[in-house]
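Below are the chains, spelled out letter by letter.
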Amino acid sequence: MRERIKYLLLIVSVTLIFWSLYKIAYVLPLQANVAAYQIVYLHVPSFFACFTGFFLGLIASGMYLATGKFKYDSFAAGVNEVALMFATAGLCSGVIWARYAWGIWWTWDARLTSMLLCWLVYVGYLMVRRSVEEPTHRAQLSAVLSILGCVNVAFVYKSIEWYRTQHPAPVLSIRNGGGMGPGMEAPIYWNWLALVCLGVVIAMVRMQQGEMSREIDALRRQAHSY
Amino acid sequence: MGQRELQFVTCGLGAILLVIVLYVLRLDVQGRRLRKELDRVRKMVGGAEKPR
């Protein structure tokens, strides 16, 4: 059953992404006031998918701290890693867009810097997971880091409203933006759905690997006890 | 859309897809390594259990 869900979500996700690429290339109208705006159709959904993952990671980490069950730790590790992958994808596309629109690859703008800090916090989260051997200690430390990291996520999300700096203001109408023409917002939400479906599939694979790792550790401990 | 803009749009969208593909490939390699390691450890533990 789990395998079927995985393949179904993968098919939905890949279909939506290709459909969206087709729409970006041939169907959507050109908007002259934002340069290379087509990047936005995957740049914004990458960050939305990343924030969704970090938020789920926060809930799972809280559940782990409340119950002590390792399945929540495993879930948090999976979704946080996938969310970090989406954050990396979003940052990379943002850097390329900035080079075209602003003529520079990077600026220490409050919005960009806060996202970079958030990315570094979650890289730290993965480093903690790899460096701490004892499973309970590792799960507790990473749960705390995940919760602290998510506070920063809220800051990043609001930073494009709070700071009027080089990064464009929100364009989506749900965030009181108005930078996109009619019919141009929907592909962003479809791409968000596509990336979330893909993220769920990858997180499921990552969780299976986490279970394998725990089994290997348990067998090793068993072997050492002989 | 001009040629330069087209190049940047392609690079921007390509960068996102590339990051995802690279991560999936890394995950696949890691999965294979873990399965091999699990088989090896299972055999090792199975072998260790026999004398008992």
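Keep in mind the model is a prediction, meaning the values are calculated, not measured.

Overview of the packing of helix 4 (residues 110-131) of chain A against helix 5 (residues 135-162) of chain A
All names here are of chain A.
Phase 1: Two numbers describe how helix 4 lies on helix 5: the axes approach to 9 Å, and their chain directions differ by 170°. When the axis of helix 4 is compared with that of helix 5, the two are roughly antiparallel. Seen from helix 4, the contacting residues are Ala-110, Arg-111, Ser-114, Met-115, Leu-117, Cys-118, Val-121, Tyr-122, Gly-124, Tyr-125, Val-128 and Arg-129; seen from helix 5, they are Arg-138, Leu-141, Ser-142, Leu-145, Ser-146, Gly-149, Asn-152, Val-153, Phe-155, Val-156, Ser-159 and Ile-160.

Here's the deal with the interface of chain A and chain B
Phase 1: Across the contact, 28 residues belong to chain A and 24 residues belong to chain B.
Phase 2: Among the elements of the structure, helix 2 (40-67), helix 3 (70-101) and helix 6 (186-225) of chain A are those that each provide at least two residues to the side of chain A that touches chain B.
Phase 3: A per-element tally of the side of chain A that touches chain B places helix 6 of chain A first, with twelve residues.
Phase 4: Here the residues of the side of chain A that touches chain B sort into 18 nonpolar, seven polar and three charged.

Description of the packing of helix 1 (residues 2-27) of chain A against helix 6 of chain A
All names here are of chain A.
Phase 1: One can describe the packing of helix 1 onto helix 6 by two numbers: an axis separation of 8 Å at closest approach and a directional angle of 150°. In this view, helix 1 runs roughly antiparallel relative to helix 6, as classed from their interaxial angle. When you trace helix 1 past helix 6, the crossing you get is left-handed. Here Arg-2, Lys-6, Leu-9, Leu-10, Val-12, Ser-13, Leu-16, Ile-17, Ser-20 and Lys-23 of helix 1 lie close against helix 6, whose contacting residues are Pro-187, Trp-190, Asn-191, Leu-193, Ala-194, Cys-197, Leu-198, Val-200, Val-201 and Met-204.
Phase 2: In terms of residue class, the contact of helix 1 with helix 6 is built from 14 nonpolar, three polar and three charged.

Here's the deal with the nonpolar core
Phase 1: In this structure, Ile-39, Cys-50, Ala-76, Val-79, Ala-83 and Phe-86 of chain A are the most contacted members of the largest nonpolar core, which totals 63 residues.
Phase 2: Elements with a contribution of two residues or more to this core: helix 2, helix 3, helix 4, helix 5 and helix 6 of chain A together with helix 1 (3-49) of chain B.
Phase 3: When residues in this core are grouped by element, the largest group, 16 residues, is from helix 3 of chain A.

What counts, and where the lines are drawn
Within each chain, residues carry numbers counting from 1 in the order of the written sequence. For naming, the first written chain is A and the first written ligand is 1, with later ones following in the order written. The predicted nature of this model means local features are confined to residues of pLDDT at least 70 and side-chain atom pairs, given and counted, to a pLDDT of 80 or more, with totals for whole chains, interfaces and linings taken over all residues. An axis is simply a line fitted to the C-alpha atoms; with a helix, the fit covers only the stretch in contact. Between two such axes, the angle follows the N-to-C directions and lies from 0 to 180 degrees. By the criteria applied, helices consist of DSSP H or I runs no shorter than four residues and strands consist of E runs no shorter than two, each listed in order from the N terminus. Should an angle fall under 35 degrees it is called roughly parallel, over 145 degrees roughly antiparallel, and 65 to 115 degrees roughly perpendicular, with every other angle called oblique. A pair of residues counts as a contact when their C-beta atoms, built from backbone coordinates, are within 7 Å of each other. Side-chain classes are defined by residue name, with Ala, Val, Leu, Ile, Met, Phe, Trp, Tyr, Cys and Pro counting as nonpolar, Asp, Glu, Lys and Arg as charged, and the others, Gly among them, as polar. Definitions for this section: a left-handed crossing has its near helix turned counterclockwise from the far helix by less than a right angle. A right-handed crossing has that turn clockwise. Joined through C-beta atoms within 7 Å, a set of buried Ala, Val, Leu, Ile, Met, Phe, Trp, Tyr and Cys residues constitutes a nonpolar core. A residue is called partly exposed when the number of other C-beta atoms within 10 Å of its own lies between 12 and 20, exposed at 12 or fewer, and buried at 20 or more, with C-beta atoms placed from the backbone.

Purely spatial values, then, with no claim about function.
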